[in-house]
Amino acid sequence: MRYGAAMHGTALTPELLLAAYARGLFPMAEKRDDPHLCWVSPEQRGVIPLDKFHVPQRLGRTIRGGRFTVTSDRAFVAVMKGCAAPAPGREESWINEGILRLYTALAAIGHAHSVECWQGGELVGGLYGVKLGGAFFGESMFSKATDASKVALVRLVEGLQHGGFSLLDTQFITPHLMRFGAVEIPRDRYLTLLEKALGQEALWQKLD
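Conventions and cut-offs
- Every chain is numbered independently, its residues counted from 1 as its sequence is written.
- Per-residue local features of the predicted model are confined to residues with pLDDT of at least 70, and side-chain atom pairs are confined, for both listing and counting, to 80 or more; whole-chain, interface and lining totals are unaffected and use all residues.
- Side-chain numbers here rest on the full set of heavy atoms in the structure, without hydrogens or water.
- Note on definitions: salt bridges are taken to be side-chain nitrogens of Lys or Arg within 4 Å of carboxyl oxygens of Asp or Glu.
- The helix and strand labels rest on DSSP assignments: H or I over at least four residues marks a helix, E over at least two residues marks a strand, and numbering proceeds from the N terminus.
- Only protein chains enter the area calculation, which uses a 1.4 Å probe; residues under 20% of their type maximum are buried, those over 50% are exposed, and those in between are partly exposed.
- Two strands are counted as paired when DSSP detects at least two bridges linking them.
- To obtain an axis, a line is fitted to C-alpha atoms, over the contacting stretch when the element is a helix, and the angle between two such axes runs from 0 to 180 degrees between their N-to-C directions.
- Here a residue-residue contact requires only that any non-hydrogen atoms of the pair lie within 4.5 Å.
- Here the expected length of a helix is defined as 1.5 Å per residue gap, with one fewer gap than residues.
- Pairs of N or O atoms within 3.5 Å make up the polar contacts considered here, provided that, within protein, one atom can donate a hydrogen while the other can accept it, and that residues adjacent in sequence are counted only when both atoms are side-chain atoms.
- Two aromatic rings from Phe, Tyr or Trp, using only the six-membered ring of Trp, form a pair when their centres are within 6.5 Å; if the ring planes differ by under 30 degrees the pair is stacked, by over 60 it is edge-to-face, and anything between is tilted.

**Q** How would you summarise the pattern of salt bridges if you had to cite specific residues and measurements?
**A** On inspection of all chains with the given rule, the structure shows seven salt bridges. We note a salt bridge from R32 to E92, for which the minimum N-O separation is 3.4 Å. With R32 in the loop between β2 (26-28) and β3 (36-40) and E92 in the loop between α3 (76-84) and α4 (97-108), this residue pair connects regions lying 60 residues apart in the sequence. A salt bridge links R155 to E158, with the shortest nitrogen-to-oxygen separation between them at 3.3 Å. With R155 and E158 both in helix α5 (residues 148-163), this residue pair falls three residues apart, about one helical turn. A residue is classified by how much of its surface remains accessible, and R155, at 24% relative accessible area, is partly exposed. Each of R58, D147 and K150 takes part in salt bridges that share partners, so that together they form one network.

**Q** Lay out the sheet that holds strand β5 (residues 69-72) with the relevant residues and their values.
**A** Pairing in this open sheet of seven strands is mixed, and the strands run β5-β6-β7-β8-β9-β4-β10 from one edge to the other. The open sheet has two edge strands, β5 and β10 (183-186), and neither has a second partner. Taking each pair of neighbouring strands and ignoring which way they run, the sheet shows an average axis angle of 35 degrees. With four bridges joining them, strand β4 (residues 44-47) and β10 adopt antiparallel strand pairing. When the bridges of β10 are listed, V47 appears paired with V183. Where helix α1 (residues 14-22) meets the sheet, it contacts β7 (122-132), β8 (135-143) and β9 (167-171), and its direction lies at approximately 75 degrees from that of β7.

**Q** Could you give an account of the environment of R58, with specific residues and numbers?
**A** Locating R58 in the fold gives a position in helix α2 (residues 57-65). R58 gets classed as partly exposed once you look at its relative accessible area, which sits at 40%. Ignoring sequence-local partners within four residues, the contact set of R58 consists of D147 and K150.

**Q** With reference to specific residues and values, describe the environment of F26.
**A** With respect to the secondary-structure elements, F26 resides in strand β2. Taking the C-alpha atoms as reference points, F26 and W39, 13 residues apart in sequence, are found 5.5 Å from one another.

**Q** Describe α5, and please don't skip the residues or the numbers.
**A** Over its 16 residues, α5 extends 23 Å from the first C-alpha to the last, a length consistent with the 22 Å expected when each residue adds 1.5 Å. Every buried residue belonging to α5 is among A148, S149, K150, V151, A152, L153, V154, L156, V157, G159, L160 and G163, and all of these are buried. Positive phi appears at G164, one or two residues downstream of α5, with a value of about 85 degrees.

**Q** Residue-level account of the pairing of β4, with values.
**A** Where β4 and β9 come together, two bridges link them in antiparallel fashion. By the bridge assignment, G46 is partnered in β9 with Q171.

**Q** Residue-level account of the side chain of T71, with values.
**A** Within the fold, T71 resides in strand β5. For T71, the side chain forms a polar contact with the side chain of E116, separated by 2.5 Å. Discounting chain neighbours no more than four positions away, the residues touching T71 are S114, V115, E116, W118, L207 and D208.

**Q** Tell me about the packing of aromatic side chains, and please be specific about residues and values.
**A** In total, this model carries six aromatic pairs according to the counting rule given. Ring centres 5.8 Å apart and planes at 80 degrees place the aromatic pair F76 and Y128 in the edge-to-face group. Highlighted residues: F76 in helix α3 and Y128 in strand β7, separated in sequence by 52 residues. Each member of the pair, F76 together with Y128, is buried.

Now the structure itself:
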């Protein structure tokens, strides 16, 4: 569900963005080149219960094999641009210049973070999201090498578990996320979990 009329991305500040997240809202653009943003609050919200996170067996072997070097907050803007770039099956993007500017500003004040996967010194996958209290709002991920974004997700969840987070919001769910235990819950149930998470203290765990 979308709320209200579209607004120009330059009208939104990091402070307003955090206030919106605290109410269960997040912004999206219709297209990469659309300067306007709309507020979104799905009737069914995607979450990954942190105590029920599942790592597929094959992926576990990939992680143990050490194919990727995983870091955090080393290349936030590059990760966002990777998420916004056209890819097979995802030619369009909801990440416009306003989104890039806003979330880069959130990262500068410690409310947005990235997880990066490197191979041979090249950034080949990663994800980014927003931290608020004990909640982490996963925004997007990308992969240029098989399993790179999946490895980033596993390392993210490990860090959230160790840091005392209670809510991992995926906004929507996909078959990809369902393999890790993602489920949909009604908006009112989500808002209850969000309120609890916002009252908690959690520590972002650096991965390097």
